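The primary structure of each chain is shown beneath.
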Amino acid sequence: PKVAKQALCAPHSYYLSVVVALVMGKVHGSLARAGKVRGQTPKVAKQDKKKVPKGRAGKRIKYNRRFVNVVVGLGKKRSPNANT
């Protein structure tokens, strides 16, 4: 029992340092094709949107959307970004 007690209360602390070498991976595809899809898509002009209220009015709309007009339904809770 005395030996176990001395082993637990060792005066020296031992540190173990682990060195991990990271191997750099290959890039999927050549960088010459970067931006291919964005370059192919046709340019569409931005549409005019309604001005989003800021400050007190914006907080009021956010509060009403989150806590007042809550519809309790079956299944999982819908995220605020769901369009279905």
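Residues numbered from 1 in each chain as written. Predicted model: local features only at pLDDT ≥ 70, side-chain atom pairs only at ≥ 80, totals over all residues. Heavy atoms only, no water.

**Q** Before we go on, may I ask you to explain the overall build of the protein in this structure?
**A** Across its full length, the protein holds three helices and zero strands. The linear arrangement of helices and strands in the protein, starting from the amino end, is α-α-α. Out of the 84 residues belonging to the protein, those deemed buried represent 1%. About 10,100 Å² of surface is accessible on the protein, with carbon and sulfur atoms providing 60% of the total. (Helix = DSSP H or I, 4+ residues; strand = E, 2+ residues; numbered from the N terminus. Buried < 20%, exposed > 50% of the residue type's maximum accessible area, 1.4 Å probe, protein only. Areas by Shrake-Rupley, 256 points an atom, 1.4 Å probe, with all protein chains shown as cover.)

**Q** What's the story with a positive patch on the surface in this structure? I'm lost.
**A** On the surface, R38, K43, K46 and K49 cluster together into a patch of positive charge. Among the secondary structure elements, K49 is positioned in the loop between α2 (36-40) and α3 (56-68). Taking relative accessible area as the criterion, K49 reaches 77% and is therefore assigned exposed. (Patch = residues over 30% accessible without salt bridge, like charges linked within 9 Å, V, L, I, M, F, W, Y side chains within 5 Å. Salt bridge = Lys/Arg side-chain N within 4 Å of Asp/Glu carboxyl O. Lys, Arg positive; Asp, Glu negative; His and termini not counted. Charge placed at Lys NZ, Arg CZ, Asp CG, Glu CD.)

**Q** Explain the packing of aromatic side chains to me, please; I cannot follow it from the model alone.
**A** Two numbers describe a pair of aromatic rings. These are the distance of the centres and the angle of the planes. Counted by the stated rule, this structure contains one aromatic pair. Ring plane angle 45 degrees and centroid distance 5.6 Å describe the contact between Y63 and F67, whose orientation is recorded as tilted. Of the two residues, Y63 and F67 are both situated in helix α3; the distance of four residues between them amounts to about one turn of the helix. Residue class for Y63 comes out partly exposed when judged on its relative accessible area of 48%. Judged by its relative accessible area of 58%, F67 is exposed. (Phe/Tyr/Trp six-rings, centres within 6.5 Å; stacked < 30°, edge-to-face > 60°.)

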